[in-house]
Amino acid sequence: MIDLCNAQQLKELLARHGFHFSKAKGQNFLIQSWVPRQIVEYAEIDKGCGVLEIGPGVGPLTQQLCLGAGKVAALEVDKTLRPILAETLGEFENLEIIWQDALKTDIAALVKERFQGLRPMACANLPYYITSPVLSVLLEAKCFDSVTVMVQKEVAQRIASKAGTGDYSAFSVFCQYYAQPELLFDVPPSCFMPQPKVTSSVIRLKTYEKLPWEIADEGLFFRTVRASFAQRRKTLQNGLSSGFPELGKAVIAEILTQCGFSLNVRGETLDIPAFGRISNAIAARLNT
Ligand code: SAM
């Protein structure tokens with residue numbers, strides 16, 4: 001088996017195939033073998049799992065996933081990697097590479113089709129430029145047991161941050177609505193070729209089997225969250241008034257009071273149940 005994380009061997013492999021890194025596709029390949037091994041270990045992958053990987057690159061994480069999982073499906077957008085992956089991972093019968101853009105793929109349908117009888121998991125060293133949209137489609141697909149990804153450290157901290165802290169954002173609420181995040185470990189720039197400018201972190205999002213929230217209208221819930229964070233220095237009353245012009249400031253004030261909040265509370269202090277109470281009250285007003 002080729003050591004895909006040996007920098008010298010990787011350089012030779014890429015040169016032999018005339019491969020050039022694409023910054024636009026977020027290509028930073030792993031060159032330290034402890035990283036993919038540790039990702040697979042922390043993701044708790046076993047032969048009962050079907051794993052979807054986004055962006056296999058030359059396959060260092062894919063290789064570990066194939067050794068640990070029952071089946072691996074990997075979505076890769078860069079077709080110039082095709083002959084390289086044929087050489088590096090051709091031996092694995094439990095691997096299917098799908099040459100498609102992850103953001104243009106029906107993830108839930110793919111999982112249903114490919115992973116029958118297996119526990120679906122997602123695992124990836126994500127390209128930085130599409131971290132949030134890819135994580136969004138993985139969570140919205142509502143079909144994975146867990147999603148374990150490497151992202152920029154600041155993004156991982158934002159995903160896991162609690163209400164009332166500086167990193168807490170609409171994206172924290174979005175991720176925590178679907179899953180419980182757990183920061184696993186940091187990965188320094190020296191573990192990649194080419195080296196990124198930032199430190200990365202691996203985070204595991206353990207999804208809820210059944211969402212524990214009482215939300216009347218999911219779309220309205222996320223609209224409430226977005227409006228609450230749209231202007232961070234504004235009070236919640238002002239943020240919601242701008243986000244729901246059809247209700248107006250006085251009705252928003254009534255809703256906040258009815259839900260037990262003071263009028264100068266700020267959106268970033270609210271947890272998911274609190275956003276749920278407010279969005280349910282907004283739903284009731286909009287439907288009367
Ligand atoms: N998994 C490899 C590793 O750890 O060395 C490569 C990770 S690299 C950070 C990201 C990979 O995602 C690249 O192979 C890139 O071509 C691929 N990629 C970028 N955009 C993509 C997209 N929209 N859909 C699927 N793959 C994508």
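For the structure given in this document, a descriptive report is provided here.

1. What to know about the pairing of strand E5 (residues 119-125)
Most of E5 sits inside the fold, with six of its seven residues counted as buried. With five bridges joining them, strand E2 (residues 49-54) and E5 adopt parallel strand pairing. The partner of Gly50 across the bridge, within E5, is Pro120. In the sheet, E5 pairs with strand E6 (residues 146-152) via five bridges, with the strands oriented parallel. If you follow Ala122 over to E6, its bridge partner there is Val147.

2. Concerning the layout of surface pockets
Here the largest pocket defines a volume of roughly 400 Å³. Among the elements of the structure, strand E1 (29-30), E2 and helix H3 (60-68) are those that each provide at least two residues to the lining of the largest pocket. By residue class, the composition of the lining of the largest pocket is 17 nonpolar, seven polar and four charged.

3. Re the sheet that holds strand E3 (residues 71-75)
The seven strands lie next to each other as E4-E3-E2-E5-E6-E9-E7, forming an open sheet whose pairing is mixed. Strands at the two margins of the open sheet, each flanked by one partner only, are strand E4 (95-98) and strand E7 (179-187). Averaged over neighbouring strand pairs, the angle between their axes works out to 20° when direction is ignored.

4. Focus on the nonpolar core
By size, the foremost hydrophobic cluster in this structure holds 61 residues, and its most contacted members are Leu52, Ile54, Leu138, Val147 and Ile278. With seven residues, the top contributor of residues to this core is helix H12 (residues 272-286). Apart from residues no more than four positions distant in its own chain, Val147 is found in contact with Ala122, Leu135, Leu138, Leu139, Ile203, Arg204 and Leu205. Residues Leu10, Ile31, Leu85 and Val187 belong to the second largest nonpolar core, which totals 40 residues.

5. Looking at the pattern of salt bridges
Evaluation of the coordinates by the stated rule reveals 13 salt bridges. Linking Glu87 and Arg16 is a salt bridge whose minimum nitrogen-to-oxygen distance equals 3.0 Å. Of the two residues, Glu87 sits in helix H4 (residues 82-89) while Arg16 sits in helix H1 (residues 7-16), which places them 71 residues apart along the sequence. The exposure class assigned to Glu87 is partly exposed, which follows from its relative accessible area of 33%. Close ionic contact of Glu182 with Arg204 constitutes a salt bridge, the shortest N to O distance being 3.2 Å. One end of the pair, Glu182, is in strand E7; the other, Arg204, is in strand E9 (residues 200-207), and 22 residues separate them in sequence. Residue class for Arg204 comes out buried when judged on its relative accessible area of 12%. A cluster of three or more residues bridged by salt bridges with shared partners is formed by Asp46, Arg119, Asp145 and Lys206.

6. A closer look at helix H8 (residues 170-178)
Of all nine residues making up H8, eight are buried, and the element is well covered by its neighbours. Looking at the buried positions of H8, the neighbouring elements they touch are helix H6 (131-140), helix H7 (153-160), E7, E9, helix H9 (218-230) and H12.

7. Looking at unusual backbone geometry
Cis geometry is adopted by the peptide bond preceding Pro194, which originates at Met193 and carries an omega value of -15°. Looking at where Pro194 falls in the secondary structure, it is placed in the loop between strand E8 (192-193) and E9. A positive phi angle, near 55°, is found at Glu44, a position not held by glycine. Relative to the elements of secondary structure, Glu44 occurs in the loop between helix H2 (34-42) and E2. One non-glycine residue, Lys142, lies in positive phi territory at about 50°. With respect to the helices and strands, the residue Lys142 is situated in the loop between H6 and E6.

What counts and what doesn't
Residues numbered from 1 in each chain as written. Predicted model: local features only at pLDDT ≥ 70, side-chain atom pairs only at ≥ 80, totals over all residues. Heavy atoms only, no water. Buried < 20%, exposed > 50% of the residue type's maximum accessible area, 1.4 Å probe, protein only. Helix = DSSP H or I, 4+ residues; strand = E, 2+ residues; numbered from the N terminus. Pairing = 2+ DSSP bridges. 1 Å grid on protein atoms, 1.4 Å probe; cavity = no way out; pocket = protein on both sides within 12 Å on 5 of 7 lines; lining within 4 Å. Points joined across faces, edges and corners; volume = space filled by probe spheres on them. Nonpolar A, V, L, I, M, F, W, Y, C, P; charged D, E, K, R; others polar. Axes fitted to C-alpha atoms, helices over the stretch in contact; angles between N-to-C directions. Core = buried A, V, L, I, M, F, W, Y, C linked by side-chain atoms within 4.5 Å. Contact = heavy atoms within 4.5 Å. Salt bridge = Lys/Arg side-chain N within 4 Å of Asp/Glu carboxyl O.

Purely geometric numbers; function is a separate question.
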